[in-house]
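Architecture at a glance
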There are 2 protein chains.
Amino acid sequence: MPDSLEALIEALRQLPGVGAKSAARMAYHLLQHDRDGAQRLADALMAAVRNIRHCERCHTFSEQPICSTCADPARDQTRLCVVETPSDQAVLERTGAYDGLYFVLQGRISPLDGVGIAELGLAELMVRASDGVIEEVIVATSFTAEGEATAHIISQALAKRGIRATRLARGVPIGGELEYVDLGTIAHALADRH
Amino acid sequence: MPDSLEALIEALRQLPGVGAKSAARMAYHLLQHDRDGAQRLADALMAAVRNIRHCERCHTFSEQPICSTCADPARDQTRLCVVETPSDQAVLERTGAYDGLYFVLQGRISPLDGVGIAELGLAELMVRASDGVIEEVIVATSFTAEGEATAHIISQALAKRGIRATRLARGVPIGGELEYVDLGTIAHALADRH
Ligand SMILES: [Zn+2]
Ligand SMILES: [Zn+2]
């Protein structure tokens, strides 16, 4: 197998959910049938790496220093929803049931990987939530063990500062990740937050 | 969602077997956790598109005008194995049971897509097989309706030129239990018993 084909398969295999066989199938497909697509994907990857940074206020993906959600005066400035990832934020946005602001953590705590609450941006969250405008922080981390632990630590830190923290109602299945939950359930859980 | 993120998800979604959700998960993963991996994938794509061409003798992927298999004097020059794709060639190589040469078609006939035998490289195959050295052409196209039709046309064209064509044996896979093998395969294995 040519070196550059082997290197391409190896690079594709690093994508989440892609094994050796799928990576080979993708590489063969691109080279045999879609070289324009391969070039477009390369361009899109470089443009994304070059242009996409984290919003300075909420840490979601943004091409501007402040993202369009944070910069939108029509959003409810008194509510802040804490999520684990930009894709969890996207799921909440798609429900259409929330019009406040967001704070995106850098994942969830994972003691085995040495990821504690500090690495997730707890200090930045406390500064953000203490701006005097925020009245409620909705902690929408997942209902996995790590997500619950993360929520617990965040709620305690907010309580110490006298900021009200709520959690999505348990309409979300236990062990469920937001990304895989249907939108209606998420909308209900948002309405029933406590 | 930022434009360049949307463009990246769209480009990833063009990969075979990747839907909208997987594409989003891949894009988020790369931007959040593996920007080096994103850059490596972009580089690998561009290098592959730039360096990989088709071998002038067998049409498989190669960085040289003639691939390393065709250029290998230790291979049996009298046998030519016709496959549908470079990945089928890779599968045959991994068996270690074949030491002849290859000819890689550009897929298989697909009347609905307007892909006939001419588009697959039949003329080039006839020139290649008529070099006076080849004694046997093993037609290893798949055992689908399209693969069988392709094999039939190739075998007829070879017969006209007095070149011997063979086909892989059909039968029960090694380790296969009759209960789980389709009836057509069993019927063939019964007819081809030896
Ligand atoms: Zn923002
Ligand atoms: Zn070759």
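Residues numbered from 1 in each chain as written. Chains lettered and ligands numbered in written order. Predicted model: local features only at pLDDT ≥ 70, side-chain atom pairs only at ≥ 80, totals over all residues. Heavy atoms only, no water.

The name recorded for chain A in an unreviewed UniProt entry is Recombination protein RecR, from Lampropedia cohaerens. Listed under Sequence similarities (unreviewed entry) in UniProt, the entry text for chain A is "Belongs to the RecR family." Of chain A, the UniProt comment under Function (unreviewed entry) reads exactly: "May play a role in DNA repair. It seems to be involved in an RecBC-independent recombinational process of DNA repair. It may act with RecF and RecO." (UniProt positions renumbered as here; feature names shortened; annotations may be inferred.)

Attention shifts here to the coordination of the zinc ion (ligand 2). In an ideal octahedron of six donors the angles at the metal are 90 or 180 degrees, and in an ideal tetrahedron of four donors they are 109.5 degrees. Residues and elements named next belong to chain B. At this site the zinc ion (ligand 2) is bound by Cys55 (SG), Cys58 (SG), Cys67 (SG) and Cys70 (SG), with donor distances of 2.3 to 2.4 Å. Given 4 donor atoms and angles of 105 to 117 degrees at the metal, the environment of the zinc ion (ligand 2) is assigned as tetrahedral. Coordination of the zinc ion (ligand 2) draws on donor residues from a single chain, spaced C-x2-C-x8-C-x2-C in sequence. Each member of the pair, cysteine 58 as well as cysteine 67, is classed as buried. (Donors = N, O, S within 2.8 Å, 3.2 Å for Na, K, Ca; no water. Tetrahedral: all angles 85-135°; square planar, octahedral: opposite > 155°, others 65-115°. Buried < 20%, exposed > 50% of the residue type's maximum accessible area, 1.4 Å probe, protein only.)

All names here are of chain A. Judged by pairing direction, the sheet is parallel, and its 4 strands sit side by side in the order β4-β3-β5-β6 without closing on themselves. Edge positions in the sheet fall to β4 (100–104) and β6 (164–167), since each of these pairs with one other strand and no more. This sheet shows a mean twist of 30 degrees between the axes of neighbouring strands, independent of strand direction. Note: strand β5 (residues 136–139) against β6, 4 bridges, orientation parallel. (Pairing = 2+ DSSP bridges. Helix = DSSP H or I, 4+ residues; strand = E, 2+ residues; numbered from the N terminus. Axes fitted to C-alpha atoms, helices over the stretch in contact; angles between N-to-C directions.)

Residues and elements named next belong to chain B. What the 4 strands build is an open sheet, ordered β4-β3-β5-β6; its pairing is parallel. Sheet topology places β4 (100–104) and β6 (164–167) at the edges, where each strand pairs with a single neighbour. The sheet shows a mean angle of 30 degrees between the axes of neighbouring strands, direction not considered. Strand contacts of helix α4 (residues 86–95): β3 (76–83) and β4, with the helix running at about 160 degrees to β4, the strand carrying the most contacts. (Contact = heavy atoms within 4.5 Å.)

Once that is clear, we can look at the coordination of the zinc ion (ligand 1). Residues and elements named next belong to chain A. Summarising the metal site, the zinc ion (ligand 1) is bound by the protein donors Cys55 (SG), Cys58 (SG), Cys67 (SG) and Cys70 (SG), whose distances to it range over 2.3 Å. Between the 4 donor atoms coordinating the zinc ion (ligand 1), the angles at the centre fall across 105 to 117 degrees, so the site counts as tetrahedral. All donor residues of the zinc ion (ligand 1) come from one chain, and their arrangement in sequence is C-x2-C-x8-C-x2-C.

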